[in-house]
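Structural overview for review
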Amino acid sequence: MSHKRTHRKRHAPRTIVAAAATVAAVVAAPVAWGSINESGGSTGADKPRTPTEVTADFDNDGHEDLATGAPGAAVDGEFNAGYIAVSYGSEGAAPDRTQVLSQADEAVPGEATEEAAFGLHSVARDLDGDGYTDLVSTSDGLETESDGVGVLVLWGSSEGLQRGTVLQGASVPGGMGEAYPLVGGDFNGDRKADLVLGAGQREGYFKGPFTREGKPAAVGPVPGTRDTSEGLVAGDVNGDGADDLVNLREGETRKESRAEYIAGGKEGFGKPDRSLLPPADNGTVGDVDDDGYGDLVLRTLKRDEDDPERLVAGPLAVLSGSAEGPDPERTTKIDQDTEGVPGKDRQGSMFGAALDAGDVNGDGYADVAVGVPAQDVDGKKDAGAVILLRGGSEGLTGKQARMVDESTGGEPSDVEKNNQLSGGAMRTDADLPLRLLDVTGDGDQDLAVGTPEDDDGAGIARTLAGDEAYALTPGKLPDGTEVPEKDSGLGYAFAQ
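Owing to the predicted nature of the structure, the values given are computational and were not obtained by experimental measurement. (Residues numbered from 1 in each chain as written. Predicted model: local features only at pLDDT ≥ 70, side-chain atom pairs only at ≥ 80, totals over all residues. Heavy atoms only, no water.)

1. Things to note about the pairing of strand E4 (residues 122-125)
Of the two faces of E4, the one holding Ser122 and Ala124 and the one holding Val123 and Arg125 are both buried throughout. Both E4 and strand E5 (residues 134-139) contribute to a ladder of 4 bridges, which runs antiparallel. Bridge pairing links Ser122 to Ser137 in E5. (Buried < 20%, exposed > 50% of the residue type's maximum accessible area, 1.4 Å probe, protein only. Helix = DSSP H or I, 4+ residues; strand = E, 2+ residues; numbered from the N terminus. Pairing = 2+ DSSP bridges.)

2. Some details on the pattern of salt bridges
With the rule as written, the count across this model stands at 13 salt bridges. Linking Asp128 and Arg212 is a salt bridge whose minimum nitrogen-to-oxygen distance equals 2.7 Å. On the criterion of sequence distance, the pair formed by Asp128 in the loop between E4 and E5 and Arg212 in the loop between strand E10 (201-207) and strand E11 (218-222) is long-range, its members being 84 residues apart. Judged by its relative accessible area of 30%, Arg212 is partly exposed. Between Arg390 and Asp367 there is a salt bridge; the shortest N-O distance is 3.4 Å. A residue pair is termed long-range when its members are at least 10 positions apart, and Arg390 in strand E21 (residues 385-390) and Asp367 in strand E20 (residues 367-372) qualify at 23 residues. (Salt bridge = Lys/Arg side-chain N within 4 Å of Asp/Glu carboxyl O.)

3. Some points on the sheet that holds E21
Strand pairing in a sheet takes place through backbone hydrogen bonds and is either antiparallel or parallel in direction. The 4 strands are arranged E19-E20-E21-E22 in an open sheet whose pairing can be described as antiparallel. In the strand order of this sheet, the two ends are held by strand E19 (355-358) and strand E22 (397-404), each with one partner. Neighbouring strand axes in the sheet, compared pairwise and without regard to direction, differ in orientation by 25° on average. Here E19 pairs with E20 via 4 bridges, running antiparallel. Across the sheet, Leu355 pairs through a bridge with Val370, a residue of E20. (Axes fitted to C-alpha atoms, helices over the stretch in contact; angles between N-to-C directions.)

4. Observations concerning the sheet that holds strand E16 (residues 295-303)
Read across the sheet, 4 strands follow the order E15-E16-E17-E18 without closing on themselves; strand pairing throughout is antiparallel. Two strands bound the open sheet, and with one partner strand each, they are strand E15 (280-286) and strand E18 (331-334). Neighbouring strand axes in the sheet, compared pairwise and without regard to direction, differ in orientation by 30° on average. When E16 meets strand E17 (residues 311-319), the two strands line up antiparallel, connected through 7 bridges. The residue bridging Leu296 from the neighbouring strand is Leu319, located in E17.

Below, the structure is given as structure tokens:
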């Protein structure tokens, strides 16, 4: 369950070239996702965004854009150098255009080196406050003053992502294709985007705004346990207008594995509190009951029935937000045995391996997309699926839950065994191969889901918006853009 990993060797190296081109819309027959976006509430098109809500709109055209990582791709003969495919949102599921970026491009800092794993972890935030979202990514193909992994920024503009800059003084713990994820948010409530580069870092809190030279307004400490950090979750749980942190921790016992809640605020981060949260290895924040407090959704860990010394995935725990933070006294447990949730609960299904929150129908309640990469579908073992749980006045429940699989929307293929939609062997539990974001600009969240093991390891990233579906694969990138067709792992993770 460690965030550290070394990518396996890749084959068939190809050169990656930056491109921007028009893509024809792919319209599929109305299936399950259309029914999910229906029912209840306004369209959400005019709903104001909260200060800490993520909006990945690199060209500021009102449609969110999807940055899809392929960290295992070969570039200029360098295995695992990695690239990022950026799909620019439009009125339909298909992107208006697609841009492919690697460190072989002049605009991207660093070099496309073996094990650089560019795109392994990325964050979308408007760092300089100019109205255009910027893209932040880790890469081991950057020189740093420490043994950690460097961080770069690609700046948004009316034309999309352009010139890049190395983030000054930034280093994420790890190396050789290994890194803890960075996370973005507004941690002091000043309505400026900040970055956090790991828990327990003396200089891990980079405060915005940032200059175009990659210099933050200030740098400060991040409390928490560093050595056992499994990753960070950010969101405003206590309703004070500043994002808080949840540090997921790996330990030998349940007590050692209890997650840490770290409140943000204008005076800096508070003291880590382990008394509020259970052991967990993944999470997201969303206001599922629309009471003004972000609710914390965690995939919990429990003892293995056959091996009590071993921790395995348990049910989701939904902890209601409050002025004091997550409230353990108001916790709901959800698994596939919960009434209304599709499928059947079983150890090894990986229910909750990926999580993201967003309002898919504009009714004001956050919904939660749940990755189940080992879900059997139509008799196909480990085909994988995503289950959408609906928020409401009662909070997150199994009512009106829906399942999405490879056949949803009819694009691009039938259900296949071992594809592990929303997961795969390349990733760990706290990466994010699914996203809820508004690519169509109608105010409702659409679903993007990755399958990095699909198509012989080339990978596929699917976007489902209403009754339309679109798939991005290395073999289908526009205008002859030359990218790896094998073992690139496209869809490993999306920018958060």
